[in-house]
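Observations on the model geometry
Each chain, written out:
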Amino acid sequence: MKKTKYILLSVSLLLISTQSYSQRIWGNPVGQYAYNPAGAAMNDLGELVSCFYTTYESAINSPKGLMLMGSSTFPTDNIGAGFRLTSESGGVIKNLMGEATFMYRVNLSRDTKLAFGLSAVFNQIGLDYDLLTPQHSQDPIITIGAETGSYVDANFGISIYEANHFYFGVAGYNLIGQQTSWLLPNFTNRASRLISASGMYSLNLFQGDGKLETTVVGMTFMPQDDFTFSYDASTRLIMNKTFWVGGGYSNSFVKLLLGLYIQNLTVGYTGAIGMGDITSYTYAFPKHELFLRMELNTSSSSR
């Protein structure tokens, strides 16, 4: 009976890791490329973006992660490429993801464009053995030596947008639904498909000295027995491309956004206040996120 319980616990951890680590919603304005392969090089500029986060810091081995991504158009501007790397951990689970993206776009009008993005993805999921405290020395997840598992997959997205004004896109993640190579007896572990939708609209204020930017992101796994939906809605006031302040709401979190522009470098911070039942189990500010973005003059329109 004990051995069965340990196997069930191991399987539960694997399922959680495959679904929650394959994609997440970021609190900062990281741009559409984080949610849609077609969002690469959207603002006619090359960019490098990094984001570090921690969540539920009062919990032992609480989730934390680091994302690094970049994108740029080629000299023709209708073709672009991007990459995204994430390293995340939570509990005894750790995950490394790498994504390489090809983007193609066509002009619908003078300023409006339609973009398509296709990504090849590599995921590696594993256990941090330094954090394991097994209650049974013969726990199968230890005795079979299943330290890591990996799989390759593909993502595809489509987006319509006008640079620095609006965008709307939808994307599918883990389209192949590849089985991982993580070895557990009598267990098949496949990546769950994910549908993502994201949008942004900006409105000029104060005779062009300010801008009000609203972004919305939603995603859900398919198929699933119980419908779960992750979402985020944020609004920020940008003044003279000098600084921004804003707020938002995301799955039981109220967010505060702050940011500063320093020439071609952007620095941002998002803190979140827990709402509802979660406040009984963690700090008042359980989520923190730091954001860095560097713009690069790589497209012909930006030079």
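Scroll up for the structure.
Attention here is on the structure that accompanies the text.

Criteria and thresholds
Residues numbered from 1 in each chain as written. Predicted model: local features only at pLDDT ≥ 70, side-chain atom pairs only at ≥ 80, totals over all residues. Heavy atoms only, no water. Helix = DSSP H or I, 4+ residues; strand = E, 2+ residues; numbered from the N terminus. Contact = heavy atoms within 4.5 Å. Polar contact = N/O pair within 3.5 Å; in protein donor to acceptor, adjacent residues only side chain to side chain. Phe/Tyr/Trp six-rings, centres within 6.5 Å; stacked < 30°, edge-to-face > 60°. Buried < 20%, exposed > 50% of the residue type's maximum accessible area, 1.4 Å probe, protein only. Lys NZ or Arg CZ within 6 Å of the ring centre and 35° of its normal. Patch = residues over 30% accessible without salt bridge, like charges linked within 9 Å, V, L, I, M, F, W, Y side chains within 5 Å. Areas by Shrake-Rupley, 256 points an atom, 1.4 Å probe, with all protein chains shown as cover. Salt bridge = Lys/Arg side-chain N within 4 Å of Asp/Glu carboxyl O.

Checked against the element boundaries, Thr54 lands in strand β1 (residues 46-55). Beyond its immediate chain neighbours, meaning those up to four positions away, Thr54 contacts Pro63, Lys64, Pro286, Lys287 and His288.

Turning to its location among the elements, Glu88 is positioned in strand β3 (residues 79-90). Here Tyr53 takes part through its side chain, which lies 3.4 Å from a polar atom of the side chain of Glu88.

The next point concerns the environment of Val217. Note that Val217 resides in strand β9 (residues 210-222). Separated by 20 residues in sequence, Val217 and Ala197 place their C-alpha atoms 5.8 Å apart.

Here the focus is the packing of aromatic side chains. Evaluation of the coordinates by the stated rule reveals 4 aromatic pairs. Residues Phe229 and Tyr231 carry aromatic rings whose centres are separated by 6.1 Å and whose planes lie at 20° to one another, so their mutual orientation is stacked. Overall, Phe229 belongs to the partly exposed group, its relative accessible area being 42%. The partly exposed category is assigned to Tyr231, whose relative accessible area is 29%. Joined through ring pairs, the aromatic side chains of Phe229, Tyr231 and Tyr249 make up one cluster. Directly above the ring of Tyr53 sits Arg24, whose terminal nitrogen or CZ lies 3.8 Å from the centroid.

With that settled, the discussion passes to the environment of Asn28. By secondary structure assignment, the location of Asn28 is in the loop between α1 (2-20) and β1. Each C-alpha atom, one on Asn28 and one on Leu290, is 7.8 Å from the other, the two residues being 262 residues apart in sequence. Ignoring any residue separated from it by four or fewer positions in sequence, one finds Asn28 in contact with Cys51, Gly268, Tyr269, Thr270, Glu289, Leu290 and Phe291. Among the polar contacts listed, one links the side chain of Asn28 to the side chain of Thr270, at a separation of 3.0 Å.

Together, Leu108, Leu118, Phe156, Ile158, Ile160, Phe168, Val170 and Leu175 give the surface a local cluster of nonpolar side chains, amounting to about 660 Å² of exposed area. Elements with a minimum of two residues in the nonpolar patch: β6 (148-162) and β7 (166-173). According to the relative accessible area criterion, Leu175 is partly exposed, its value standing at 38%.

Let us look at unusual backbone geometry. Phi is positive for Asn240, close to 50°, though the residue is something other than glycine. Relative to the assigned elements, Asn240 resides in the loop between β10 (230-239) and β11 (243-250). Even without glycine at this site, Gln263 takes up a positive phi of about 55°. Summarising the element assignment, Gln263 is placed in the loop between β12 (253-262) and β13 (265-274).

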